Amino acid sequence: MKRLGFARMLLLVAIVVDAALAWTVARGGHSGCLSLAWLHVVCLLVASAFLSFRDGSAVGAGVPTGAGNATKGGRGRAALILLGAALLPLGPRIANLSMTLSHPDEFALGWFSHEFDLARTSLFGPIPETPVWHHQMPALYFALQKLFFLLFGEAPSHVKLSTMPYIAVTAGALFFFSRRLLGTVPGLAVVGIYAILAPSVYADTFGTTITASMAFFMLFFAASVVNLRRQEYGTALLVGVTCAFCALAAPTSYVAIPLLFAFPLLSLRCLPLRTVVRGLGVSLAGFVLVLLPFVAGAVQSKNYFAERLVRVAPVVAPLFGVALSPEEAEPPGPGVVAKWKLMTSYLWKDDAGGCCGFNFGQAALLDPVTGILTLAGLALGFRRRETRLEWTMAVSVVAASLFALGFANPPPMITRYSLLFPFVALFLSAPVALLLRDGARGPKAVRWLAAALLLAGIATANVLHFRSALKRDTAGGRGDYEDIKVARYLQKTFPGHAVKVAAFGGFHLGYTLHFFLPGVDIETDYHQQLLDRLKESRSRDYVFVVLFPDEFNPKFRKVDPTGVVVTGISRNYSLFVSRDLARSVGLVSAPSPAGTPPVAPATPARRASPESAASTG
């Protein structure tokens, strides 16, 4: 009782601090101190939850009958196994990180994180502060990525590596609840399958907010699994806190909010109504306390929570009172049912999805072996009566995610399915768990051999499927790394030289160049604005990157007929370089004949080799 009383006292302190914080934010105040105050609120809530547990831990309590072997052994050994499981998926993902498998959004997000000032930028407002991009997002992701950059630097590869901690959190949470459902060894098999699941490896190599959404959601689901048969103060509070974090990431994890109310309905199968209602109330309190300062921040600016969701699913705009322009409104097309069929068919049908640079070669997300075994595992999971409610929770996540996808604009992107991949790994492991469980029929050695062969078959199918998707990606003319080609060419041919990008304000190439050309002055503006300044400038030492080269190369030549157009670097861009600078790096060796427009290939005579000029990573 003393422990519970102290836990509730911490909750009271958190309420007082949070109310003062939200009031300050609502009045327009923001500073690094307010961010620290919010962090203290979260720490107080988590400490309050853990202090309420009678034995100081929720790990060993409420384990369904038949899964108790998951928690045997010392806590030190269990912690080491959990750490190993969390790190296991990092190997395949880091091994497949590649600049040729990049997306402009990665570097745009990284740029906003670079600009984030931990001492001055409001944690409770949108990023970017003004809508220079096509949407705004909560600032938490950018604050955490900024911390990563401060610790490890801002190299291009670090943009991708900065999301790996989220993958570790996802894998740790996946092992935590898989062990409770299936046992320790099958739980490790779940994480092993997740580590090599082809669409998951592909999607996780992009350094975007989707990884954060997945990590926060998996923490929410793990807390919900623990809370299902307990509905006690501590577990219920953790459910609310983790659900709030889901609202601070990409809309993919917003599905946690309706599940916050749906999961307690399952608890009614094993707990009294009064206990369930009380637990839901505690969860809602944790949810509100974490989000309250962010809601206050949204009041001070455009409601970026609703705006972000509406940009993904315009059909819900009327629910939030958001008025869309005709070009932003969803175009006439299939209804929710038709879109739901399209979204689900992407799981098993080639060329049903993949767009916007997140293509997966437009291959089906699951290969035939994985798809069939997933369905088989789903059926086998429900055979375990002692964990049937937990399996129902997992199926609810899949159903809710697919239903929500029916409201999103088609065609579907692979990243929107990220929440499903850990649960696919869970379903795939059900046959393995059936073979390894105590009391199963047949000699133990034979069952373990069969389980090993099954895992080997799943691994082989997914490795081959991943390679096939990459091959289809290349054959389909993937062009998102055109930015990387230009960045590397500038890096090697004009090191340290200022660059002007002729496109429009906020164009993604400028963000990419920041990471490849650190310390270099990079300006991005409309073509005409830069042309006007070139006319007025007396300097003839310049490098322009020109978007829409067929249209604008002649205009740049007209302003400075001595300038050199550099082609052959990229399908999307050309360079316009001053004659003296082009000559100094060997792009041209003598003046062009009178009346001949100077055009140089991407491979200069010296300083930049053919290999470096054509490199795509």
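Residues numbered from 1 in each chain as written. Predicted model: local features only at pLDDT ≥ 70, side-chain atom pairs only at ≥ 80, totals over all residues. Heavy atoms only, no water.

What about the environment of Leu188?
Threshold: For helices the rule is a DSSP run of H or I covering at least 4 residues; for strands it is a run of E covering at least 2, with both sets numbered from the N terminus onward. In this analysis, two residues are considered to be in contact whenever any of their non-hydrogen atoms come within 4.5 Å of each other.
Among the structural elements, Leu188 can be located in helix H9 (residues 184-196). The spacing of Leu188 and Ser178 is 10 residues in sequence and 8.2 Å in space, taken between C-alpha atoms. Non-local contacts of Leu188, meaning those with residues more than four positions away in its chain, are made with Ile81, Ala85 and Phe175.

Side note on the packing of aromatic side chains
The relation between two aromatic rings is expressed through the spacing of the ring centres and the mutual angle of the planes. Heads up, the condition is: Aromatic rings from Phe, Tyr and Trp, taking only the six-membered ring of Trp, are treated as a pair when their centres fall within 6.5 Å; an angle between ring planes under 30 degrees marks them as stacked, one over 60 as edge-to-face, and anything in between as tilted. Only protein chains enter the accessibility calculation, which uses a 1.4 Å probe; a residue is then buried when its area is under 20% of its type maximum, exposed when over 50%, and partly exposed in between.
One pass over the full model with this rule turns up 34 aromatic pairs. Here the aromatic rings of Tyr202 and Phe206 are separated by 5.5 Å at their centres, their planes lie at 70°, and the arrangement is edge-to-face. Geometrically, the ring pair formed by Phe217 and Phe220 is tilted, given 5.7 Å between the ring centres and 55° between the ring planes. One end of the pair is Phe217 and the other is Phe220, both in helix H11 (residues 210-228) and 3 residues apart, which spans about a single turn. Residue Phe217 is classed as buried on the basis of its relative accessible area of 0%.

Quick look at the packing of helix H1 (residues 2-26) against helix H14 (residues 273-299)
When two helices pack together, their arrangement is given by the angle between the helix axes and by the axis-to-axis distance. In plain terms, the rule: To get an axis, fit a line to the C-alpha atoms, keeping to the stretch in contact for a helix; angles then go from 0 to 180 degrees between the N-to-C directions. Note on terminology: angles under 35 degrees are roughly parallel, angles over 145 are roughly antiparallel, angles of 65 to 115 are roughly perpendicular, and the others are oblique.
Where H1 meets H14, the closest approach of the two axes is 8 Å, and the angle between their N-to-C directions is 10°. Overall, the two elements H1 and H14 adopt an arrangement that is roughly parallel. On the side of H1, the interface is formed by Leu11, Ile15, Asp18, Leu21, Ala22, Val25 and Ala26, while H14 contributes Val288, Leu289, Leu292, Pro293, Ala296 and Gly297.

Some details on the pattern of salt bridges
The condition that has to hold: We define a salt bridge as a side-chain nitrogen of Lys or Arg found within 4 Å of a carboxyl oxygen belonging to Asp or Glu.
Counted by the stated rule, this structure contains 11 salt bridges. Salt-bridge contacts for Arg93 lead to Asp204; the nearest nitrogen and oxygen are separated by 2.7 Å. Placement of Arg93 in helix H4 (residues 90-95) and of Asp204 in helix H10 (residues 198-204) is noted, with a sequence separation of 111 residues between them. Of the two residues examined, Arg93 and Asp204, each falls in the buried class. Across the salt bridge formed by Glu523 and Arg533, the nearest N and O atoms sit 2.4 Å from each other. Note that Glu523 is positioned in strand S4 (residues 522-526) and Arg533 in helix H24 (residues 527-536), a separation of 10 residues in sequence. Counted as one network, the salt bridges with shared partners bring together Lys500, Glu523, Asp525 and Arg533.

Notes on a nonpolar patch on the surface
How we decide: Like-charged residues within 9 Å of one another, or nonpolar side chains (Val, Leu, Ile, Met, Phe, Trp, Tyr) within 5 Å, are grouped into patches, provided each residue has over 30% relative accessible area and no salt bridge. The Shrake-Rupley method, run with a 1.4 Å probe, gives the accessible areas here. Residue values count only the displayed protein chains as cover.
The grouping of Leu118, Leu144, Leu147 and Leu150 at the surface amounts to a nonpolar patch, some 330 Å² of accessible area in total. Within the fold, Leu118 resides in the loop between helix H5 (104-115) and strand S1 (126-127). What makes Leu118 partly exposed here is its relative accessible area of 31%.

Some points on the sheet that holds strand S3 (residues 499-503)
Each strand in a sheet pairs with its neighbour through backbone hydrogen bonds, running either in the same direction (parallel) or in the opposite one (antiparallel). Note the cut-off: Only strands that DSSP links by at least two bridges are regarded as paired with each other.
An order of S4-S3-S5-S7-S6-S8 is seen for the 6 strands of this open sheet, with the pairing classed as mixed. A strand with exactly one partner marks an edge of an open sheet, and here the two such strands are S4 and strand S8 (599-601). Direction aside, neighbouring strands of the sheet carry axes that sit 25° apart on average. Examined bridge by bridge, S3 and strand S5 (residues 543-547) share 3 bridges and lie parallel to one another. The residue of S5 that forms the bridge with Ala502 is Val546. Running at roughly 175° to S4, helix H23 (residues 508-516) makes contact with S3, S4, S5 and strand S7 (573-577) of the sheet.

Topic: helix H19 (residues 420-428)
Where burial is concerned, most of H19 is hidden: 9 out of the 9 residues are buried. Leu420, Phe421, Pro422, Phe423, Val424, Ala425, Leu426, Phe427 and Leu428 are the residues of H19 that are buried.

So, empty space enclosed by the protein
The condition is simple: Buried and open spaces are told apart on a 1 Å grid over the protein atoms alone, a cavity being a set of points where a 1.4 Å probe fits but cannot get out and a pocket being an open set with protein on both sides within 12 Å along at least five of seven lines. Residues with an atom within 4 Å of a point are the lining residues. Grid points are joined across faces, edges and corners, and a volume is the space filled by probe spheres set on the points. Gly falls in the polar group here, along with every residue not listed as nonpolar (Ala, Val, Leu, Ile, Met, Phe, Trp, Tyr, Cys, Pro) or charged (Asp, Glu, Lys, Arg).
Using the criterion set out here, one finds 6 cavities of 30 Å³ or more in the structure. What the largest cavity holds in volume is close to 90 Å³. Taken together, Ser224, Asn227, Leu228, Gln231, Val239, Leu260, Phe263, Pro264, Ser267, Gly279, Leu280 and Ser283 make up the lining of the largest cavity. When residues of the lining of the largest cavity are traced back to their parent elements, those giving at least two are H11, helix H13 (256-267) and H14. No other element matches the 4 residues that H13 contributes to the lining of the largest cavity. Tallied by class, the residues present in the lining of the largest cavity amount to 6 nonpolar, 6 polar and no charged. Of the pockets and cavities examined, the second largest cavity occupies roughly 60 Å³. Lining the second largest cavity are Leu182, Leu380, Gly381, Arg384, Trp391, Ala430, Ala433, Leu434 and Arg437.

Topic: the confidence of the model for the chain
Our working definition: pLDDT measures how confident the predictor is about each residue, on a scale from 0 to 100.
Scored by pLDDT, the chain comes out at a mean of 85, with 86% of its residues at no less than 70. Low pLDDT, under 50, characterises residues 59-73; the stretch is placed with 31 contacts to residues that sit more than four places away or in other chains.

Concerning the side chain of Gln145
Convention followed: Pairs of N or O atoms are called polar contacts if they sit within 3.5 Å, as long as, within protein, a hydrogen donor faces a hydrogen acceptor (for residues adjacent in sequence, only side-chain-to-side-chain pairs).
Turning to its location among the elements, Gln145 is positioned in helix H6 (residues 140-152). Judged by relative accessible area, Gln145 falls into the buried class, the value being 2%. Separated by 2.9 Å, the side chains of Gln145 and Ser162 make a polar contact. If we ignore the near neighbours within four places in the chain, the residues touching Gln145 are Leu109, Gly110, Ser113, Val159 and Ser162.

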